[in-house]
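Fold and contact review
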Amino acid sequence: IMAAKMPGLADGSTTRHTFGAQSMIRGQHGLFPHVFLPDYHGACFDEALLRLLDPERGPNILYFSLTGTCPCRCEYCFAGADPAGKDLGDAVVLDVARAVAKARIPLVNISGGEPFVHFERLREAVRLLSVGCEVRVFTTGIGVTAERLRALRGAGLKGLFVSLDTDDAALFDRTRGRRGAFDAAVRALQLAAGEDVLTFVNSVFDRRRFPDRDSVARFLRFVERIDPRIVVNFLPQLAAGRGIELDSFRTPEECEPIADRIVSTAR
């Protein structure tokens, strides 16, 4: 009922449904997870809808950069992450986590840099935030282990986003500026899906890694072989960060027909 009242949904062309443990959107092509809503069965979903209906209740989603430090130097990184980047330290970061939890923001995505670089800080931040928020973590996959995932699940983690935007290991490692980055990302996806964590792939959708629709289909089949439960989230390359001079951006006009193809054919 509330979804039917949401702006843009009143005509019935798109309505919210549920499937399994994930929030879903029904569009013309069927049911799909919605990455910007908390778990339908969790404590934060109703508050998320209320905030969408009434923005004066506060923000619905927050991205929390845990650190600027990262073992990779991704050519398109907009955060300016650097292996020797400045770090605020545990006390400041965890104070912010307490304040965010108190504000009860429905969905908090922890990012970086690479959050797993400071694992104990990450675990404590997840524990603090999960008191009032649903928590997911963005990662390159470097530093992810089964033991760490279990510890984060115990602290309240609900989902893991792993950056992966090609099935070509050599191209991916060059893009990341780190040998072995591809293997680390794939391993993190396998572990997260195996630990029954809501698992996402974040893919930067540019001309170099996705030159045509066939490359998109091949990539989706590759992710499905890792684990069919993984949700693929395609992102546009932002005109910022280290890749700003690269001739690899796609215009919205270029993205739209490919996106339609993805949604109409992907399982």
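1. Examining the pairing of strand β6 (residues 134–139)
- Counting buried residues along β6, 6 of its 6 residues qualify, which places the element largely inside the surrounding structure.
- Note: strand β5 (residues 107–111) against β6, 4 bridges, orientation parallel. Residue pairing for β6: Asn109 is matched across the bridge by Arg136.
- Handedness of the β5-helix α4 (residues 119–129)-β6 crossover: right-handed.
- Where β6 meets strand β7 (residues 157–163), 5 bridges bridge the pair, whose relative direction is parallel. Residue pairing across strands places Val137 opposite Leu160, the latter belonging to β7.

2. Considering unusual backbone geometry
- Omega for the peptide link from Gly112 to Gly113 comes to 10 degrees, which places this bond in the cis form.
- Residue placement: Gly113 occurs in the loop between β5 and α4.
- The residue Arg104 is not glycine, and still its phi comes out positive at about 55 degrees.
- Here Arg104 lies in the loop between α3 (90–103) and β5.

3. Brief notes about the sheet that holds β7
- A sheet is described by the order of its strands in space; here 6 strands give the open sequence β4-β5-β6-β7-β8-β9, paired in parallel fashion. The sheet terminates laterally at β4 (61–65) and β9 (231–236), the two strands that pair on one side only. For this sheet, the mean angle separating the axes of adjacent strands, direction not counted, is 25 degrees.
- Looking at chain direction, β4 and β5 are connected through 5 bridges and run parallel. Along β5, the bridge assignment pairs Leu62 with Val108.
- Of the strands in this sheet, β4, β5, β6 and β7 touch α4, which is tilted by about 170 degrees from β5.

What counts, and at which threshold
Residues numbered from 1 in each chain as written. Predicted model: local features only at pLDDT ≥ 70, side-chain atom pairs only at ≥ 80, totals over all residues. Heavy atoms only, no water. Buried < 20%, exposed > 50% of the residue type's maximum accessible area, 1.4 Å probe, protein only. Helix = DSSP H or I, 4+ residues; strand = E, 2+ residues; numbered from the N terminus. Pairing = 2+ DSSP bridges. Right-handed = clockwise from strand over helix to strand, strands pointing away. Axes fitted to C-alpha atoms, helices over the stretch in contact; angles between N-to-C directions. Contact = heavy atoms within 4.5 Å.

All quantities given are derived from atomic positions and should not be read as evidence of function.
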